Amino acid sequence: MSFECALLWGLLIILFSPHTKCDEIPVSAPSVKECHVSVVTYYSDPKVQWARLKRYYSGCTHVMGNLIVSFLEDPSIDYDLSFLENVTYVSGHVAIFANNFPKVVSLPKLQIIRGKETFRTDSYSAGLVIGANSHQQIYMPSLKEISNGDVFIDLESSRDLCYLDTIDWYSIARHGDVKIRPRPESSHEPCPACSRACEVEGRGRRCWGPSDDLCQWPPASADCDDKCDNRCPVNHPEVCCHDQCAIGCTGPTGRDCLACKDYKLWDGTCVYQCPFQPPSSPHGQDCIQG
Ligand SMILES: *[C@@H]1O[C@H](CO)[C@@H](O)[C@H](O)[C@H]1NC(C)=O
């Protein structure tokens, strides 16, 4: 990493290190754990940093705020990130940077990065940012939508990181730029190819990792009319999904969404906000009735 780059990452770290509070809300649907995350300081002691990370995000399904995985750099710590296995939704951005460990980062269920709060620098405003790390693979095989913000992946400062440059980010990033800074040609091992099972005619192989279950398939709604902005029901290219739908839909209304961008009413309609305040009224993305 160049000095300039190290300096930039250093600055980002100070600005974006997380401080969070995870609340398990004791009503229905026990499989939902909503975690509220706000931004504060970076902890210079790696053991404290790691303990905080686990405390903030353990078992969360819905992260209301940002998911920031950074400064995993102490060789004496066993960085097991399996406590992130159930994260499906992040309301802000996802940032993975300045880590020496572990080799593989897996967010197997992450479907939607909402990007309500982006990761900002002079050159981008990102929903997903990855850089300056020693990871070899970062799996997000369920990721179907970054509703707002750019994708910035710096492979120049993450030279061991494979596969992410095979992903069709344009099908995921809804309203942002995709910037991938390439690995320097000479100074790294070439990346292994995606599995042959990930081959789609006319578009090559796209994958998150080497195995057959980590293919990136084209979105089900790949053939939508232009007016639909890539979101329409399968086999109905002329019907556009509702604004509040994430990922896709089965019909035109806010009740036909495969997932909601924001919140879901008790009748299944996706809405921008729940009708009842205080803000604790959502449970994950489900509005709590009166
Ligand atoms: C993830 O969800 C499954 C099924 O609800 C549960 O058994 C498991 O303990 C959860 N993992 C974490 C880290 O909370």
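Computed from a predicted structure; not experimentally measured. (Residues numbered from 1 in each chain as written. Predicted model: local features only at pLDDT ≥ 70, side-chain atom pairs only at ≥ 80, totals over all residues. Heavy atoms only, no water.)

**Q** Which residues make up the overall build of the protein, and what are the values?
**A** Summing up its helical and strand segments, the protein has 2 helices and 22 strands in all. For the protein, with 290 residues in total, the buried portion stands at 51%. Contacts in the protein between residues at least 24 apart in sequence constitute 58% of all its contacts with a sequence separation of at least 6. Taken as a whole, the protein presents about 13900 Å² of accessible surface, with 52% of it coming from carbon and sulfur. (Helix = DSSP H or I, 4+ residues; strand = E, 2+ residues; numbered from the N terminus. Buried < 20%, exposed > 50% of the residue type's maximum accessible area, 1.4 Å probe, protein only. Contact = heavy atoms within 4.5 Å. Areas by Shrake-Rupley, 256 points an atom, 1.4 Å probe, with all protein chains shown as cover.)

**Q** Please set out the nonpolar core residue by residue, giving values where relevant.
**A** With 54 residues, the main nonpolar core has Tyr57, Met140, Trp169 and Trp208 as its most contacted residues. Broken down by secondary-structure element, the contributors of at least two residues to this core are β2 (34–39), α2 (46–57), β4 (67–70), β6 (94–97), β10 (125–131), β11 (137–139) and β13 (150–154). With 11 residues, the next largest nonpolar core counts Met64, Ile247, Ala259 and Tyr263 among its residues. (Core = buried A, V, L, I, M, F, W, Y, C linked by side-chain atoms within 4.5 Å.)

**Q** Go over the confidence of the model for the protein, please, and point to the residues and values.
**A** Chain-level statistics for the protein give a pLDDT mean of 88 and a share of 86% at 70 or above. Low pLDDT, under 50, characterises residues 11–29; the stretch is placed with 58 contacts to residues that sit more than four places away or in other chains. (pLDDT = per-residue confidence, 0-100.)

**Q** Can you lay out unusual backbone geometry for me, pointing to particular residues and giving the numbers?
**A** Residue Pro102 follows Phe101 across a cis peptide bond; omega there is -15 degrees. Among the structural elements, Pro102 can be located in the loop between β6 and β7 (104–106). Positive phi, close to 75 degrees, is recorded for Tyr163, a residue that is not glycine. Using a relative accessible area of 3% as the deciding quantity, one classes Tyr163 as buried. Residues other than glycine seldom take positive phi values, yet Ile247 does so here, at roughly 70 degrees. Of note, Ile247 is situated in strand β17 (residues 245–249).

**Q** Which residues make up the site of the ligand, and what values do they have?
**A** The local shell around the ligand consists of Gly59, Ser82, Phe83, Glu85 and Asn86. Residue Glu85 places a side-chain N or O atom 2.7 Å away from a nitrogen atom belonging to the ligand. Between the ligand and the protein, one listed contact pairs an oxygen atom with a side-chain N or O atom of Asn86 at 2.4 Å. Contact with the protein chains hides 40% of the accessible area of the ligand, taken as 360 Å² for the molecule alone. (Near = heavy atom within 4 Å. Polar contact = N/O pair within 3.5 Å; in protein donor to acceptor, adjacent residues only side chain to side chain.)

**Q** Any chance you could break down α2 for me, citing the residues and the numbers?
**A** Between the first and last C-alpha of α2 there are 17 Å, a value that for 12 residues agrees with the 16 Å anticipated at 1.5 Å per step. Considered for burial, the residues of α2 that qualify are Gln49, Trp50, Leu53, Tyr56 and Tyr57. Seen along its axis, α2 keeps its buried residues to an arc of 135 degrees; they face one direction. At the C-terminal side of α2, Gly59 shows a positive phi close to 75 degrees. (Expected span 1.5 Å × (residues − 1). Arc of directions from axis to C-beta.)

**Q** So what's going on with the environment of Gln289? Which residues, and what values?
**A** By the element assignment, Gln289 lies in the segment after β22 (286–287). With a relative accessible area of 56%, Gln289 lands in the exposed category. Between the alpha carbons of Gln289 and Leu265 there is a distance of 8.0 Å; along the sequence they are 24 residues apart. The residues contacting Gln289, other than those within four sequence positions of it, are Trp266 and Phe276.

**Q** For the pattern of salt bridges, give the residues involved together with the corresponding values.
**A** Note on pairing: side chains with opposite charge can pair once their charged atoms come close. Per the stated rule, a full pass over the model turns up 10 salt bridges. The partner of Asp229 in a salt bridge is Arg174, with the nearest N and O atoms 3.6 Å apart. Of the two residues, Asp229 sits in the loop between β16 (204–205) and β17 while Arg174 sits in the loop between β13 and β14 (178–181), which places them 55 residues apart along the sequence. Residue Asp229 is classed as partly exposed on the basis of its relative accessible area, which comes to 35%. Here Arg205 ties to Glu199 by a salt bridge, and the two come within 2.9 Å at their closest N and O atoms. For Glu199, a relative accessible area of 41% corresponds to the partly exposed category. The network of salt bridges with shared partners includes Glu145, Arg174, Asp229 and Arg231. (Salt bridge = Lys/Arg side-chain N within 4 Å of Asp/Glu carboxyl O.)

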